[in-house]
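# Chain and residue survey
Residues per chain, in single letters:
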Amino acid sequence: MSTGAKNTGPSDAAPVNTEEVVLTSHRLRGWALPTPGGGKEGRGRVLVVGGGRTTPGGVLLAAEAALRAGAGKLQIATARSVAPGLALRIPESMTVGLPEDDDGELTPAGAETICELAEGCAAVVIGPGLSRVGVAEELLGRVVPGLDSSLVLDALGLAYLTAYPDGVAHLDGRSVLTPNTRELARTLGVPESEVEADTPHRVTDLARRTRAVVVSGTATSWIASPDGRRWRDESGTQGLGVSGSGDVKAGVIAGLLARGAEPAQAAAWATYAHGRAGERLAVRVGPTGFLARELLSEVPRVMAELSS
């Protein structure tokens, strides 16, 4: 991981259990990311797990986003049938094929390989491109308890916490959950209408229950940490509501974790940078119609602007 000192929060962040802080470029500059290490080993290794024969794109987007956010090394674990193609699409990665069923979906038989790949990683992302709830629960049930790295659970990766509510407690707050409102409702066991009616409260509730940082929202995003801190992000445009956009955000979070950011900081920076990348594309392409993969090249530029 990065050798830079970790910063626990912006100087003007809200005290615990008070109303949320609005994220701005000024606030983030006051919550500077750790200084990246001098080489790829110093910027941390990320492992991205997910995908299947029909859904390799989510893994591709999250994996490239981790590198764009500054991670030094990348590993991908995905369905055996699509692993060679992803290896060619992202030549910077080490890509490993996992066992899959007749439909090309990952099976729990790949758990041991995932655990081996995770050793020495600074951050692990699990969930992009997974499409079967039962398999996700069983696979993660075999993998997550043995992890000792920072963890990002995205998309169906959240199904694990439905089955194992305390499933990331052993990571001592080094987890980030990135559910959309539907996934947030399913994980909490409440109707989606209740989440939509009071998203900040529900995000805070899940953070406290799971002892993880939680990021969720639509036009407005909310970030909550287990200690009660909460941030509100109003960056972005409606064009970010497109397939693959969440995979990009999850990958950026992982890349920042690999660089040494603490979970709330990684979530805040990634959420704001993701929104600003969407705003830049809205100007150049249009308010809607830009693609999630176009966000990737904008991320380093936005990060540079925020760090200046």
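See the structure printed just above.
Attention here is on the structure that accompanies the text. Computed from a predicted model, the values in this text were never measured in an experiment.

A separate point is the sheet that holds strand E5 (residues 123–126). Hydrogen bonds between backbone groups are what pair the strands of a sheet, and the pairing can be parallel or antiparallel. Read across the sheet, ten strands follow the order E1-E10-E9-E8-E7-E6-E5-E2-E3-E4 without closing on themselves; strand pairing throughout is mixed. Only two strands of the sheet have a single neighbouring strand rather than two, namely strand E1 (21–22) and strand E4 (93–98). Helix H9 (residues 199–210) contacts strand E7 (175–178), strand E8 (213–217), strand E9 (221–224) and strand E10 (230–233) of the sheet and is inclined by roughly 30° relative to E9.

Our next topic: the pattern of salt bridges. In total, this model carries 17 salt bridges according to the counting rule given. Notably, a salt bridge pairs Glu64 with Arg68, separated by 3.1 Å at the nearest N-O pair. Within this pair, Glu64 and its partner Arg68 are both found in helix H2 (residues 57–68), separated by four residues, close to a single helical turn. Between Asp205 and Arg209 there is a salt bridge; the shortest N-O distance is 3.1 Å. With Asp205 and Arg209 both in helix H9 and four residues apart, the pair spans about one turn of that helix. Residue Arg209 is classed as partly exposed on the basis of its relative accessible area, which comes to 44%.

Another aspect to go through is the nonpolar core. Ranked by size, the top nonpolar core spans 58 residues in total, and within it Val46 and Leu256 carry the most contacts. Looking at this core, the elements that each hand over two or more residues are strand E2 (45–49), H2, strand E3 (73–79), E5, E8, helix H10 (245–258), helix H11 (263–284) and helix H12 (292–307). Here the element with the most residues in this core is H11; it accounts for eleven residues. When neighbours within four sequence positions are excluded, Leu256 is seen to be in contact with Leu33, Ala69, Ala261, Ala266, Trp269, Ala270 and Met303. Counting residues in hydrophobic clusters, the runner-up holds 43 residues, among them Ala77, Leu117, Leu158 and Leu184.

Position of Leu117 relative to the elements: it lies in helix H4 (residues 111–118). A relative accessible area of 11% places Leu117 in the buried class. When residues no more than four places from it in sequence are discounted, the contact partners of Leu117 are Leu47, Gln75, Ala77, Met94 and Val96.

Time to look at the pairing of E10. Neither face of E10 is left uncovered, since the one carrying Arg230 and Arg232 and the one carrying Trp231 and Asp233 both have all their residues buried. Sheet topology note: the E9/E10 ladder contains four bridges and is antiparallel. Paired with Ala224 across the bridge in E10 is Arg230.

In this section: H11. Over its 22 residues, H11 extends 32 Å from the first C-alpha to the last, a length consistent with the 32 Å expected when each residue adds 1.5 Å. The buried count for H11 comes to 17 of 22 residues, which makes it a mostly enclosed element. Positive backbone phi, at 140°, marks Gly286, one or two positions downstream of H11.

With that out of the way, let us pick up unusual backbone geometry. Even without glycine at this site, Asp172 takes up a positive phi of about 55°. Inspection of the secondary structure puts Asp172 in the loop between helix H6 (159–163) and E7. Look at Arg211: it is not a glycine, yet its phi comes out positive at around 60°.

Analysis parameters
- Residues numbered from 1 in each chain as written.
- Predicted model: local features only at pLDDT ≥ 70, side-chain atom pairs only at ≥ 80, totals over all residues.
- Heavy atoms only, no water.
- Pairing = 2+ DSSP bridges.
- Helix = DSSP H or I, 4+ residues; strand = E, 2+ residues; numbered from the N terminus.
- Contact = heavy atoms within 4.5 Å.
- Axes fitted to C-alpha atoms, helices over the stretch in contact; angles between N-to-C directions.
- Salt bridge = Lys/Arg side-chain N within 4 Å of Asp/Glu carboxyl O.
- Buried < 20%, exposed > 50% of the residue type's maximum accessible area, 1.4 Å probe, protein only.
- Core = buried A, V, L, I, M, F, W, Y, C linked by side-chain atoms within 4.5 Å.
- Expected span 1.5 Å × (residues − 1).

By themselves, these are just geometric observations and shouldn't be taken as functional.
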